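Structure assessment
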Amino acid sequence: MNAIETGEFRKLLEEERARLANAVEFLHDESGGSLEDELGEIGSGGTDNHLGDTAGAAYDRELDQGLEEGAQQTVDEIDAALARIDDGTYGTCRVCGKQIREDRLHAIPWARLCIDDQRRAG
Ligand SMILES: [Zn+2]
């Protein structure tokens, strides 16, 4: 019945978790530095261009804070997903109970809703 290869996703989750945990630690220790280069691959794209030069350092600080919170939140999501692997509910939509498509899980291994319910949740 369980068609999902959880071992593969556990590996994905653990790798991503390690990467994000490093980032959180780094952001926490180095507040104030210029971190965009190191963290460019973690932050979502499209953060520049439209703000111009006036935002300056305050914007950088906010961005770092946002990255840290976002990364920490994702680490929490990953921990929850790992717990679901352990209790055998991984890959099952929390709302409708159907299996979440594997391509979605590959994109977001910690997803807890199927794509339909995610859309409905906004
Ligand atoms: Zn669903």
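Below, the structure is looked at part by part.

About the thresholds
- Residues numbered from 1 in each chain as written.
- Predicted model: local features only at pLDDT ≥ 70, side-chain atom pairs only at ≥ 80, totals over all residues.
- Heavy atoms only, no water.
- Donors = N, O, S within 2.8 Å, 3.2 Å for Na, K, Ca; no water.
- Tetrahedral: all angles 85-135°; square planar, octahedral: opposite > 155°, others 65-115°.
- Helix = DSSP H or I, 4+ residues; strand = E, 2+ residues; numbered from the N terminus.
- Buried < 20%, exposed > 50% of the residue type's maximum accessible area, 1.4 Å probe, protein only.
- Lys, Arg positive; Asp, Glu negative; His and termini not counted.
- Salt bridge = Lys/Arg side-chain N within 4 Å of Asp/Glu carboxyl O.
- Phe/Tyr/Trp six-rings, centres within 6.5 Å; stacked < 30°, edge-to-face > 60°.
- Polar contact = N/O pair within 3.5 Å; in protein donor to acceptor, adjacent residues only side chain to side chain.
- Contact = heavy atoms within 4.5 Å.

Tetrahedral coordination by four donors sets the ideal angle at the metal to 109.5 degrees; octahedral coordination by six donors sets it to 90 or 180 degrees. Coordination of the zinc ion by the protein involves Cys93 (SG), Cys96 (SG), Cys114 (SG) and Asp117 (OD), with metal-donor separations of 1.8 to 2.3 Å. Bound by four donor atoms, the zinc ion shows angles of 101 to 117 degrees at the metal and therefore tetrahedral coordination geometry. All donors to the zinc ion come from one chain, and their sequence spacing reads C-x2-C-x17-C-x2-D. Taken together, the residues Cys93 in the loop between helix H3 (56-87) and helix H4 (102-107) and Cys114 in the loop between H4 and helix H5 (115-121) connect sequence positions 21 residues apart. Pair check on accessibility: Cys93 and Cys114 agree, each one buried.

Moving on to the side chain of Arg84. Positionally, Arg84 belongs in helix H3. Although Arg84 lies buried, it forms no salt bridge, and the closest oppositely charged side chain, Glu77, sits 5.6 Å away as judged by the N-O distance.

What follows concerns the packing of aromatic side chains. Any two aromatic rings considered together are summarised by their centre-to-centre distance and by the angle between their planes. Evaluated as defined, the whole model comprises one aromatic pair. Look at Phe9 and Tyr90: their rings are 5.7 Å apart centre to centre, the planes differ by 45 degrees, and that puts the pair in the tilted class. Taken as a pair, Phe9 in helix H1 (residues 6-29) and Tyr90 in the loop between H3 and H4 lie far apart in primary sequence, 81 residues in all. Judged by its relative accessible area of 0%, Phe9 falls in the buried class. Relative accessible area serves as the criterion here: at 2%, Tyr90 is assigned to the buried category.

Turning next to the side chain of Thr74. Relative to the helices and strands, Thr74 is located in helix H3. Here the side chain of Thr74 touches Gly70 through a polar contact of 2.9 Å, landing on its backbone oxygen. In this view, Thr74 contacts Leu20 and Trp110; residues no more than four positions away in its chain are not counted.

For the rest of this paragraph, the subject is the pattern of salt bridges. All chains considered together, the criterion is met by eight salt bridges. Across the salt bridge formed by Glu15 and Lys11, the nearest N and O atoms sit 3.3 Å from each other. With a gap of four residues between them, Glu15 and Lys11 both fall in helix H1, about one helical turn apart. The class of Glu15 is partly exposed, set by a relative accessible area of 46%. Assessed through its relative accessible area of 53%, Lys11 is described here as exposed. For Arg119, the salt bridge is made with Asp116, and the minimal N-O distance between the two is 3.9 Å. Residue Arg119 and its partner Asp116 are both found in helix H5; the two are separated by three residues, about one turn of the helix. Residue classification places Arg119 among the exposed positions, given a relative accessible area of 62%.

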